[in-house]
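Chain by chain, the residues run as shown.
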Amino acid sequence: MDFPRLHIRGGIVVTMEPGAVPAVADLLVENGRIAAIGDIGPVADAELLDAAGRIVLPGLIDSHVHTWQTGLRGIATDWTVPQYMRAMHRGLATRFRPDDIRIANLMGALAKLDAGVTTLVDWCHNNPTPEHTDAAIDGLEASGARAVFLHGSPKPDPGPGRKHFSEVPMPRAEIERLRAGRFASDDRLVTLGLAVLGPQYGVHEICLADYALARELDLIVSAHTGGGRLLSPGTFEALIEAGLIDHRSNIVHANNFAPELTRALVGAGANFTVTAEVEMQMGFGDPLTGVLRDLGATITIGADVEPAAAGDMFTAMRTTLNVQRNIDNKALLARGEPLPDTASITCREALGWVTVNGAAMTRMSDRIGTLAPGKQADIVLLRATDPNLFPVHDPIGATVRQAGPGNVETVLVAGRFVKRDGRLVFPGLAEKRDALVRSGTRILDEIGLAPGAPAPS
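All residue numbers refer to positions counted from 1 along the written sequence of the respective chain. Only residues with pLDDT of at least 70 are given local features in this predicted model, and only at 80 or more are side-chain atom pairs given and counted; all residues enter the totals for whole chains, interfaces and linings. Neither water nor hydrogens contribute to the side-chain values; these are computed over all heavy atoms in the structure.

Chemist: Explain the overall build of the protein here, please?
Modeler: Within the protein, the secondary structure is distributed over 15 helices and 17 strands. The quantity called the radius of gyration is restricted to C-alpha atoms. Its globule counterpart is 2.2 Å times the number of residues to the power 0.38. The C-alpha atoms of the protein give a radius of gyration of 22 Å, which matches the 23 Å a tight globule of 457 residues would have. Taken along its principal axes, the extent of the C-alpha atoms in the protein is 70 × 60 × 45 Å. When contacts within the protein are restricted to residue pairs at least 6 apart in sequence, long-range pairs at least 24 apart make up 76% of them. Of the roughly 17,900 Å² of accessible surface on the protein, a fraction of 53% belongs to carbon and sulfur atoms. When the 43 positive and 53 negative side-chain charges of the protein are each reduced to one mean point, those points stand 2 Å apart. By the criteria applied, helices consist of DSSP H or I runs no shorter than four residues and strands consist of E runs no shorter than two, each listed in order from the N terminus. Any pair of residues with heavy atoms lying within 4.5 Å of one another is described as a contacting pair. Each accessible area is a Shrake-Rupley estimate made with a 1.4 Å probe; only the visible protein chains count as cover when residues are assessed. When charges are counted, Lys and Arg are positive and Asp and Glu negative, with His and the chain ends excluded. To locate a charge, the coordinates of NZ of Lys, CZ of Arg, CG of Asp or CD of Glu are taken.

Chemist: I keep staring at the pairing of strand β9 (residues 190–196) and nothing clicks. Help me out?
Modeler: Along any regular strand the residues' side chains alternate between the sheet's two faces. Buried residues dominate β9, accounting for 7 of its 7 residues. Exposure categories follow from relative accessible area, calculated using a 1.4 Å probe and restricted to protein chains: below 20% of the type maximum is buried, above 50% is exposed, and the middle band is partly exposed. Of the two faces of β9, the one carrying Val190, Leu192, Leu194 and Val196 and the one carrying Thr191, Gly193 and Ala195 are both buried. Strand pairing requires that DSSP identify at least two bridges connecting the strands. Judged from the 5 bridges that link them, strand β8 (residues 146–151) and β9 form a sheet pairing that is parallel. Looking at β9, one finds that Ala147 is bridged to Val190. Handedness of the β8-helix α4 (residues 172–180)-β9 crossover: right-handed. Examined bridge by bridge, β9 and strand β10 (residues 220–224) share 4 bridges and lie parallel to one another. What sits directly across from Val196, in β10, is Ala223. A crossover gets the label right-handed when its path from the first strand over the helix to the second runs clockwise, viewed with the strands pointing away from the viewer.

Chemist: Help me understand the pairing of strand β5 (residues 54–58) in this model?
Modeler: Among the 5 residues that make up β5, 5 are buried, leaving the element largely enclosed by the rest of the structure. Pairing of strand β1 (residues 5–13) with β5, which is carried by 2 bridges, proceeds in the parallel orientation. In the strand pairing of β5, Ile12 is matched with Ile55. Summarising the sheet, β5 and strand β14 (residues 379–383) pair through 5 bridges and their orientation is antiparallel. Within the sheet, the bridge partner assigned to Pro58 lies in β14 and is Ile379.

Chemist: Help me out: how do you make sense of the sheet that holds strand β6 (residues 60–65) in this one?
Modeler: Within a sheet, adjacent strands bond to each other through the backbone by hydrogen bonds, running parallel or antiparallel. If you walk across this open sheet you meet the 8 strands as β6-β7-β8-β9-β10-β11-β12-β13, and the pairing is parallel. Every interior strand has two partners, whereas the edge strands, β6 and β13 (299–301), have only one. Looking at each pair of strands side by side, their axes are set apart by 25 degrees on average, direction ignored. The pairing of β10 with strand β11 (residues 249–252) spans 4 bridges and is classified as parallel. Across the sheet, Ala223 pairs through a bridge with Ile251, a residue of β11. Here an axis means a line fitted to C-alpha atoms, over the contact stretch when the element is a helix, while the angle between two N-to-C directions is reported on a 0 to 180 degree scale. Of the strands in this sheet, β8 and β9 are in contact with α4, which crosses β9 at around 165 degrees.

Chemist: Which parts of the structure should I look at to understand the packing of helix α2 (residues 98–114) against helix α15 (residues 429–447)?
Modeler: If you want to describe how two helices pack, look at the angle between their axes and the distance between the axes. Contact pair α2 / α15: the axes reach a minimum separation of 9 Å and the direction vectors enclose 125 degrees. Considering their axes alone, α2 and α15 lie oblique with respect to each other. In this structure, α2 crosses over α15, and the sense of that crossing is left-handed. On the side of α2, the interface is formed by Asp100, Ile103, Ala104, Leu106, Met107 and Leu110, while α15 contributes Leu429, Lys432, Arg433, Ala435, Leu436, Ser439, Arg442 and Ile443. Here the contact of α2 with α15 is composed, by residue class, of 9 nonpolar, 1 polar and 4 charged. Should an angle fall under 35 degrees it is called roughly parallel, over 145 degrees roughly antiparallel, and 65 to 115 degrees roughly perpendicular, with every other angle called oblique. Crossings are assigned a handedness: left-handed for a near helix turned anticlockwise from the far helix by less than a right angle, right-handed for a clockwise turn. Charged means Asp, Glu, Lys or Arg here, nonpolar means Ala, Val, Leu, Ile, Met, Phe, Trp, Tyr, Cys or Pro, and polar covers whatever is left, Gly included.

Chemist: Sorry, what's going on with the nonpolar core here?
Modeler: In a soluble, globular protein the nonpolar side chains are often hidden away together inside. Within the largest apolar cluster, 112 residues are counted, with the highest numbers of intra-cluster contacts made by Tyr211 and Leu351. Among the elements that make up this core, the one with the highest residue count is α2 (8 residues). Residue contacts for Tyr211: discarding those within four places in its chain leaves Val196, Val221, Ala223, Phe236, Leu239, Leu244, Ile245, Ser249 and Ile251. Among buried residues, the Ala, Val, Leu, Ile, Met, Phe, Trp, Tyr and Cys ones that are joined through side-chain atoms within 4.5 Å form a nonpolar core.

Spelled out as structure tokens, the structure:
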């Protein structure tokens, strides 16, 4: 049951507002928004939620995940990029029906909520028909999560007489249908963006057309990069020259970019997403975290390919943080310099990647990313009394370094409970779980790929 007013009392509140320090406080939620934070007395007609012994956080944000792959978890744990492109895009993806996309997106989004992720950026590059696209959006919306649906491009082997995917632009009519229809307003839980081929996978003319379409319709535009040479070198520079790279532009990976290209993209206003766990497994090289920090770029992080990696942001924070701290320490030692007294990146900065920066990347800083009066009530409560967290001396450090999905007790999205007392509140969860298993098993069977087997050649 939804309550018009909610009084969250006595939690250790981490607002992530600039200059704010964690403190025991109350939150008042009214009409889906935070009405007040502080020492709040009794509130009439409000449900009381005792948050004593809980860390109260802004909802976490996963800035890059392929949610349609949820039913295939675990199959890609030994794959590198060539295997992934061959087995996933040229094989498994071609077997998905609209219902497979719908149940994968529903269960994938519910898994995010269960792990304290209230917003996900769904990089959907398996939507060969409008029916697949609508099913993907339906799944996200049914979950109750906040999401950015990035309409992408399938990457199958070209059939006889068909163009290679690198020469196929975003389907303008389809994007216009979505933008004029269910995504006519950006003031909703699920919003629209574009997951374009970009210069890594698209030819020059296609890249210019896709970025121009995003600008015309005022959409976030995200591009996969890294993992090899750009298909269209010089195209990012042309996009910058044309004024098509700005704060709406998101670059994923970019591990092997020349320094001058990274600098130019940052200067144009682009933000970057690091998916360290997948990047290191699949052969992208060292994550670009440190380079981006030196340039003052907006950095977000994501789970990316859940068939290969964990889907929670606690793991993503720790992995990204540890990798860059190690790179920084090794660089000092290689120069014969002593280690500093403190690490090169703080836990607060890491938590910012999945809160403040994620909100900026999704253009929702006015709604989410911090806990402040007037913002929408995307709120997560962690049990700080759990054995793996207790005692909590530093709430931010504990969240980043010790916490995990199992500590997530309560989750609200826009003031509505989606998880309570440690359990998702979604009805019929067991039935949906069975549907996901059937979907994934059928898809694997159809291409003869058993779990743990090598990817087909």
